[in-house]
Amino acid sequence: MHLVVQAVIFGILVGGVYALMASGVTLVFGIMRVINVAQGAMVILGAYLSYSLFTRLGIDPFVSILLIGPVMFALGVGIHRVFIRSLRPGSAEEMSLLVTWATALAIEGVLSMVYTTNYRSTIPSYAQKSWTLAGYHVPVVRVLAFVLSVVILAGMYVLLQRTRFGRSVRAIVQNPTSAKLLGVNADTVAGLGFGLGISTAAAAGAVYGVVYPFNPGSHYDLISRLLSIVVLGGLGSLTGAVVAAMLLGVTESIVAVTIAPIWAPFVFFIVLIAILLFRPQGLFGVRERGAL
Amino acid sequence: VSRTSTLGLARAAVIFGGLLAFPFLFPQPWLVNMAFFVLMYAALAQAWNVLGGYSGYVSLGHAAFFGLGAYAEAILFSHIDIGSPGYLPFLVLPAIGVGVALMSVPIAWVALRTRALTFAIVTLTLLFVVQTLAFNLRWLTNGSQGLSVPSPSFFPYERPYYLCVLGIFALATLVSWQVRRDKLGLVLLAIRDDEDKALGLGAHVSVAKVTAFGISVGLTAMVGGVWAYYLGFIYPQFAIDPLVTIGTVLAVFLGGSGTVWGPALGAFILVPTQQWLAYEYGTSQVYLIAYAAVFLIIIILLPQGILPSIQEARRRRRGGGTGRAERVPAAAAVRTPST
């Protein structure tokens, strides 16, 4: 029992970081119906940038987010402008899948050339510290990572609910044609949305690098998790992504202690199959927009 | 027999005749080895095209079935003898193909409950699941230690493998051509253009999708089997490798998705280029970047692929029509509730 509770604590903490990564995927999908398969690679890129800033300049990984966030935002806007916007409308959905996959490959290739394929970790002074709460072990970095994720997600929620940009985003998610007719500049919003999605990956990446060792190929582990999360939550739903990330984070963590760590990734697939059988639109997905 | 199909038959005879003669005209091992991989990707691309090209359901998980075929071959022949000189592993390939195709039916049935984008996600996840299984089911797959397949006493060593993969490539091309002419092909193309309308018109879309999936992954598994036998040693991360899917999909889109010869053409261009890059730049990851670059170039400059672009240009030069009708934009198609 003690082990299971410990696993739940770990699961919630890691679920928060998954939620942050997945929120970018689901936001981008909601705005432009593009599945960003490169999100995992973006996370790893963020992890490497933060690693470099830490080892070369001694900048704390949590502080480095302030630097790499804007850089990756610009990268996202650039990728959208050059590649995604130029897709032809007829085949945009399937081609966008391939474009983002190609982007993931390019990132993996560049990172392997620059950093080699050895595993790295960002290890700040507090990396090994942990608190003990009622007999349970709570690592400091994981709590910081969780808090950071919650803060960024809350910021995103406010951005979407309270600002002019957020209203434009929601208008496009609900009905792209009407939004355009009402004067929303869909291209600009999509570009900014893509940039925002990538910068969540940057933030999550900086944190990921502190919690887990990573190499350029690590994005493969991440992407199937992230995609399962957004399908479970319902493509395009931010709330869904957060709930699904927590659910899967906790389940994965429980399976890891009760069965074996090697079977933990399986949880995602089993949940995915169950979802497809019983509720193909996901927990919070809307059925009417269909064509998934 | 119409004039076009006579021409088509002649074209096929020349291509396959040439390929058959190749290892006898150019017996250098390195050339035959490279040709093996070219044909391997050509066969994979043809197989992928039956589902992905015709129906528009982009599968990112075909490497999982490639790996299943490879492991089926390796597991089988770590228990039984390959005979002398060792043709038995070739002879069981059809059985592996049929077995994997049948096994894929329930998977396809679940995966194809989703529409294109989610389908891509599900198949991508499937790839990692099969890879995890290959790592974890140690009693069967020997985990990360890998499995070895006994090596035969062929001379010259590469030629039988080459001829076998050529046979699979020919089979895949024949199947792809037959599907395209058949009613199945029409249903698949209708699904690609507008699945809801196809369903409304009474086409058996589910049956067509599952059938195409079975054919596609069965052929893929056969290629995996001969690959495992050729390499003689397989590991989970190489037998079930996202790069195999990527190379395949890239070849299909480069040559022309949904055409009979396009995928093969793509493989004939892509694989030698990749091998040259690997040779020129060693084992570094340059070819990853090159793959990505080719991908992006195709998407921006040749969104339809080489073959359809050539056909369109030719038709335009002859005057008259504006070429093939553009596909109905998805955004313009009426969005109706999914099944």
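(A) Spotlight on the packing of helix H9 (residues 219-233) of chain A against helix H11 (residues 264-278) of chain A. Residue and element names in this part refer to chain A. The contact between H9 and H11 brings their axes to 10 Å, and the two run at 30 degrees. For the element pair H9 / H11, the angle class is roughly parallel. Here H9 and H11 pass one another in a crossing that is left-handed. Contacts between H9 and H11 involve Arg-225, Ser-228, Ile-229, Val-231 and Leu-232 from the first element and Pro-265, Phe-268, Val-271, Leu-272 and Ile-275 from the second.

(B) Main features of a positive patch on the surface. Residues and elements named next belong to chain B. Together, Arg-11, Arg-314, Arg-315, Arg-317 and Arg-318 line one region of the surface with positive charge. The leading source of residues in the positive patch is helix H15 (residues 306-317), at three residues. Along the chain, the position of Arg-11 falls in helix H1 (residues 3-25). Given the relative accessible area of 47%, Arg-11 is considered partly exposed.

(C) Spatial organisation of the interface of chain A and chain B. If you look at the interface, chain A gives 48 residues, while chain B gives 50 residues. Summed over both partners, the interface of chain A with chain B buries about 4,700 Å², with 77% contributed by carbon and sulfur atoms. Between chain A and chain B we count zero salt bridges in total. Of all the secondary structure elements, the ones that give two or more residues to the side of chain A that touches chain B are helix H3 (61-84), helix H4 (92-115), H9 and H11 of chain A. No other element matches the 15 residues that H4 of chain A contributes to the side of chain A that touches chain B.

(D) Fine view of the nonpolar core. Core analysis: the largest hydrophobic core is formed by 209 residues, its most contacted members being Met-21 and Ile-35 of chain A together with Met-40, Phe-169, Val-226, Trp-227 and Ile-234 of chain B. Element by element, the count of residues in this core is highest for helix H2 (residues 29-55) of chain B, at 17 residues. Residues contacting Met-40 of chain B, with those up to four places away along its chain left out, are Phe-66, Val-165, Val-223 and Trp-227 of chain B.

What counts and what doesn't
Residues numbered from 1 in each chain as written. Chains lettered and ligands numbered in written order. Predicted model: local features only at pLDDT ≥ 70, side-chain atom pairs only at ≥ 80, totals over all residues. Heavy atoms only, no water. Axes fitted to C-alpha atoms, helices over the stretch in contact; angles between N-to-C directions. Helix = DSSP H or I, 4+ residues; strand = E, 2+ residues; numbered from the N terminus. Parallel < 35°, antiparallel > 145°, perpendicular 65-115°, else oblique. Left-handed = near helix turned anticlockwise from the far one by under 90°. Contact = heavy atoms within 4.5 Å. Patch = residues over 30% accessible without salt bridge, like charges linked within 9 Å, V, L, I, M, F, W, Y side chains within 5 Å. Areas by Shrake-Rupley, 256 points an atom, 1.4 Å probe, with all protein chains shown as cover. Salt bridge = Lys/Arg side-chain N within 4 Å of Asp/Glu carboxyl O. Lys, Arg positive; Asp, Glu negative; His and termini not counted. Charge placed at Lys NZ, Arg CZ, Asp CG, Glu CD. Buried < 20%, exposed > 50% of the residue type's maximum accessible area, 1.4 Å probe, protein only. Buried area = accessible area lost by both parts, 1.4 Å probe. Core = buried A, V, L, I, M, F, W, Y, C linked by side-chain atoms within 4.5 Å.

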